[in-house]
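Topology and contacts: notes
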Amino acid sequence: MPTIQGYVRKMSHKGVSPVSYFWESATYSETDKKDLTARESTSEISVETWIGKKITLSTNDEIRCLHCGKKTKKSFNQGHCFTCFTKLAENDLCILRPETCHHHKGTCREPDWGKENCFKKHTLYFANSSGLKVGITKENPVSNRWVDQGARFGVPILEVESRRDAGILEHYLSQFLPDKTSWQKMVAGDPPSMDLVKEGIKFLNHLEKNEFLSPPDSKSKLVWKRLDLNKVTEIQYPIESFPGKIKSLKLTKESPIVDTLVGIKGQYLLFQSGVINIRSLSGLWIEVSA
């Protein structure tokens, strides 16, 4: 296994049966300290080839903002400096709570970004990761989102024309079922089996009995399209075994991680002694070696 170095971005992936992972990182000019242009790279070898091997993750604790490239002492919202955290629309509260979208009020941090990313078709789905959950995504295929979350099964439920509309319906359904995954349960093993199609039909019928407005403070009726629940996607992750201990490992300069990799699920590397969420390390300089 070749050594990989750089400021980690995430693990990209392809396929669902099984999922194949690739390490994404960024480097910067070593000669021109003012050059903050990231040189992004993706590992040629898939990460699952490391499974069964003792690998070392080490860091010098240096962090760079994934947006502007500047060094920062602390990462905000998975890889941003404080300035980008407070200025970029992708870091606004409405991304976490899309039903609070304020684009129509003229107060969006980046109106053009909002039009391009938020006002496009979104899918509301049901997934089984640590149990039944509801979620939304603009990704196509929707399975990309399920893999990121470590879901074992997923099914699209309905389509809407914007992230705000999807958020309004998700927020309503979150009164009755979770909209978050329990990472502890997700990395501990497979979730309990359930009939996602049956659950989807039940909640679609419930939604049809209600009327929603978008924006919520307007008189405009929210329109959504019911999807055919004819295919549940099953996702197979590269897992040799599950961790002996369900705990989150911490990577620092003084405490590298040296352990046998036993699997990958979602954005988590599963080791014998615990797990680590790679996306939570976004922007941190990391060296991976075997």
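Residues numbered from 1 in each chain as written. Predicted model: local features only at pLDDT ≥ 70, side-chain atom pairs only at ≥ 80, totals over all residues. Heavy atoms only, no water.

Under an unreviewed UniProt entry, the name given to the protein is DUF2797 domain-containing protein, and the organism recorded is Leptospira brenneri.

**Concerning the packing of aromatic side chains**
What counts here: Stacked, tilted and edge-to-face pairs are distinguished by plane angle, under 30 degrees for stacked and over 60 for edge-to-face with tilted covering the rest, among Phe, Tyr and Trp rings (Trp via its six-membered ring) whose centres lie within 6.5 Å. Here a helix means four or more residues in a row that DSSP labels H or I, a strand means two or more in a row labelled E, and each is numbered from the N terminus. Accessible area is worked out with a 1.4 Å probe on protein chains only. A residue is then buried under 20% of its type maximum, exposed over 50%, and partly exposed in between. Placement of a charge over a ring requires the Lys NZ or Arg CZ to be within 6 Å of the ring centre, with the centre-to-atom vector within 35 degrees of the ring normal.
This model, assessed by the stated rule, comprises eleven aromatic pairs. Consider the rings of F76 and F82, whose centres lie 5.4 Å apart with planes at 65°: the pair is edge-to-face. Seen from their ring centres, Y125 and W146 are 5.9 Å apart, and the 75° between their planes marks the pair as edge-to-face. Of this pair, Y125 sits in strand β5 (residues 122-128) while W146 sits in helix α4 (residues 143-149), and the two are 21 residues apart along the sequence. In this structure, Y125 and W146 share a single accessibility class: buried. Taken together, the ring pairs connect F126, Y172, F176, F203 and F212 into an aromatic cluster. Between R64 and the ring centre of Y28, over which it is positioned, the NZ or CZ distance is 4.3 Å.

**Here's the deal with the sheet that holds strand β2 (residues 20-27)**
Going by this rule: Strands were regarded as paired on the criterion that DSSP finds at least two bridges between them. Angles here are taken between N-to-C directions and fall from 0 to 180 degrees, while the axes themselves are lines fitted to C-alpha atoms, restricted in helices to the stretch in contact.
The sheet built from eight strands is open, its strands ordered β3-β2-β1-β13-β4-β10-β11-β12 with antiparallel pairing. Two strands close off the open sheet at either side, each with one partner strand: β3 (39-42) and β12 (274-277). Strand-to-strand twist in this sheet, taken as the mean axis angle between neighbours without regard to direction, amounts to 45°.

**A short note on helix α5 (residues 163-173)**
Our working definition: The contact definition used throughout considers only heavy atoms, calling two residues in contact when any of these lie within 4.5 Å.
In terms of residue burial, α5 counts as a mostly covered element, since ten of its eleven residues are buried. Listing the buried residues of α5 in full gives R163, R164, D165, A166, G167, I168, L169, E170, Y172 and L173. Looking at the buried side of α5, the elements it contacts are α2 (93-96), β5, β6 (132-137), β7 (153-160) and α7 (196-207).

**A few points about the pattern of salt bridges**
Put simply, the rule is: Criterion for a salt bridge: a side-chain nitrogen of Lys or Arg within 4 Å of a carboxyl oxygen of Asp or Glu.
Throughout the structure, instances matching the rule amount to ten salt bridges. Here E234 and R152 are joined by a salt bridge, their closest N and O atoms 3.4 Å apart. In this pair, E234 sits in strand β9 (residues 233-234) while R152 sits in the loop between α4 and β7, placing the two residues 82 residues apart along the sequence. Residue classification places E234 among the partly exposed residues on the basis of a relative accessible area of 37%. Judged by its relative accessible area of 9%, R152 is buried. Among the salt bridges present, the one from R226 reaches E208, with a minimum N-O distance of 2.9 Å. Placement of the pair is R226 in strand β8 (residues 225-226) and E208 in the loop between α7 and β8, with a sequence separation of 18 residues. Of the residues examined, R226 reaches a relative accessible area of 33% and is grouped as partly exposed.

**A few points about the packing of α5 against α7**
This is how the line gets drawn: We call two directions roughly parallel when the angle between them is under 35 degrees, roughly antiparallel when it is over 145, roughly perpendicular when it lies between 65 and 115, and oblique otherwise. Polar here means any residue outside two lists: the nonpolar Ala, Val, Leu, Ile, Met, Phe, Trp, Tyr, Cys and Pro, and the charged Asp, Glu, Lys and Arg; Gly therefore counts as polar.
With their axes 12 Å apart at the nearest point, α5 and α7 run at an angle of 110° to one another. Our classification of the angle between α5 and α7 gives roughly perpendicular. The residues of α7 that touch α5, namely those facing L169, Y172 and L173, are F203, H206 and L207. Partitioned by chemical class, the residues of the contact of α5 with α7 number five nonpolar, one polar and no charged.

**Details of the layout of surface pockets**
Operational definition: Definitions used throughout: a 1 Å grid over protein atoms alone; a cavity as a set of points that fits a 1.4 Å probe which cannot get out; a pocket as an open set with protein on both sides within 12 Å along at least five of seven lines; a lining residue as one with an atom within 4 Å of a point. Grid points are joined across faces, edges and corners, and a volume is the space filled by probe spheres set on the points. Reported domain spans reflect what an automatic or database domain assignment gives.
By volume, the largest pocket is sized at about 2,100 Å³. Together, 50 residues line the largest pocket, and Q78, I95, L96, R145 and R279 are the ones closest to its centre. Listed by contribution, the elements that provide at least two residues to the lining of the largest pocket are β1 (4-14), α2, α3 (111-117), β5, β6, α4, α5 and α6 (183-188). Top element by residues in the lining of the largest pocket is β1. It accounts for five residues. Here the lining of the largest pocket spans two domains, since at least three of its residues come from each of domain 1 (3-81 + 238-289) and domain 2 (123-234). Approximately 230 Å³ is the volume attributed to the second largest pocket. Surrounding the second largest pocket, Q5, G6, Y7, T27, Y28, S29, E30, K33, E62, R64, K71 and W285 form its lining. In terms of residues, the lining of the second largest pocket owes the most to one element, β1, which gives three residues. Residue classes in the lining of the second largest pocket are distributed as three nonpolar, four polar and five charged.

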